[in-house]
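Survey of secondary and tertiary structure
Each chain, written out:
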Amino acid sequence: MDCNHAKEKKLEDEMGNLIARLPNETALDIVSRLPISSLIQFRFVCQTWNLLTRDPRLVDLHLSRALKINPCLIFKTYHPQKEQLFFVELSDRHDDEHTLREIQIPFSTSMAKFGVVGSCNSLLCLSGVYDHEAAYIYNPFTREHKKLPNCNELEVNEVVYGFGFHPATNGTSLKSNTWRNLEEVPYKLHHSPGVLVGGRLHWVTRFNWHFDRLIVAFDLSNDTFQEVPRPDFTVNLSHCTYHLVSLRGCLCACLLTSNGENLEIWIMEEYNKKESWVHKFNIGASSIVSQDLPQSYDIWRTSLQKGNVTVMCILNNGDILLDCQGGILVAYNTDKKMLKTISLCGMLKSCKAIAHVGSLNWLAT
């Protein structure tokens, strides 16, 4: 046993010396190209490598590279007793089988059932389902986390969440560790978490509150609400639903038509300018080549008719990633107008998928 331990120690020293002999900038450049899961394993190889991963320059460099590749996908499962998180790193080939791996939640005993509020700067915000006062900011890969203070003034049963960051404030609220009570919100917002674009969180107002289903933004730099012009949809919104998403930094409105035949994707190319809304994509039964991929088409058609389709992101190859029926992923090729189901090994029946950029980003203290 002592001999084996000595051999392992010698191997660690040799690997550490290998990196140590490289110029620091070169070592950082090499390590920054690793996927987040490999980078986390890299930290535990030897002390030299561990110290390298704590270099603030690596955090920034790795994050800048991670933003240019396909995001990680975080899956939150639904379970009567204990809910879990899993992740997968997507390759550029849809034919590859991707394996889900579990993410350990250090505070799971204090919050067995939770919702994912959102992802921002490689951090997740999780909130308790039964206790609206319980909320955590959490890096799912480093496991670093921070419990937010209880909001004692929160006495209502209905809570709408949003999670984001504005460069101008540099996380002031989180550093202060306090909640601020603003004026009464003059809108009834949809229960979905806010969509972050340009330092602003966006929601759609509820149908029974305002017939026009407005888009409302909360500016994180000055804590104010404002209405954002929505697209000139050609359909009656009383018979349709639409959700918001951020695609490549632009605010997008995704409209599910009432007949269950089409998904329209509108992109606001210049923020807060009504005339910049462009009807960019139309994914419908008549526009899809289905004969080559009948299974993918059947999943898509059934999900669309039930209104269970969510636009997640645009992949590096230009495909649009869609979440169908809660965790079933379908990629839509905009050039060939074809659908392809993404194979996930270990996929559970019911879950929620979130696009996430994985990095070593630390929590501000």
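Just so you know, these numbers come straight off a predicted model, no measurement behind them. (Residues numbered from 1 in each chain as written. Predicted model: local features only at pLDDT ≥ 70, side-chain atom pairs only at ≥ 80, totals over all residues. Heavy atoms only, no water.)

A look at the state of the cysteines
For the structure on display, the rule yields 0 disulfides. Cys252 takes part in no disulfide bond, and the closest cysteine sulfur, belonging to Cys254, lies 6.2 Å away. The exposure class assigned to Cys252 is buried, which follows from its relative accessible area of 0%. (Disulfide = S-S within 2.5 Å. Buried < 20%, exposed > 50% of the residue type's maximum accessible area, 1.4 Å probe, protein only.)

Some details on the pattern of salt bridges
Counting across every chain of the model gives 11 salt bridges. A salt bridge links Glu89 to Arg101, with the nearest nitrogen and oxygen atoms 3.2 Å apart. Of the two residues, Glu89 sits in strand E2 (residues 85-89) while Arg101 sits in strand E4 (residues 101-103), which places them 12 residues apart along the sequence. In this structure, Arg200 engages Asp219 in a salt bridge whose closest nitrogen and oxygen atoms are separated by 3.5 Å. Of the two residues, Arg200 is situated in strand E10 (residues 200-204) and Asp219 in strand E11 (residues 215-219); the sequence distance between them amounts to 19 residues. Each of Glu25, Asp55 and Arg57 takes part in a single network of salt bridges with overlapping partners. (Salt bridge = Lys/Arg side-chain N within 4 Å of Asp/Glu carboxyl O. Helix = DSSP H or I, 4+ residues; strand = E, 2+ residues; numbered from the N terminus.)

Brief notes about the nonpolar core
One finds Leu85 and Leu126 to be the most contacted residues of the largest nonpolar core, which totals 30 residues. It is helix H3 (residues 36-42) that provides the largest number of residues to this core, a total of 4 residues. Each residue touching Leu126, except ones within four places of it in the same chain, is listed here: Leu85, Phe107, Met111, Phe114, Gly115, Val116, Ala134, Ala135, Tyr136 and Tyr138. In this structure, Cys254, Ile299, Leu304 and Val330 belong to the second largest nonpolar core, which totals 22 residues. (Core = buried A, V, L, I, M, F, W, Y, C linked by side-chain atoms within 4.5 Å. Contact = heavy atoms within 4.5 Å.)

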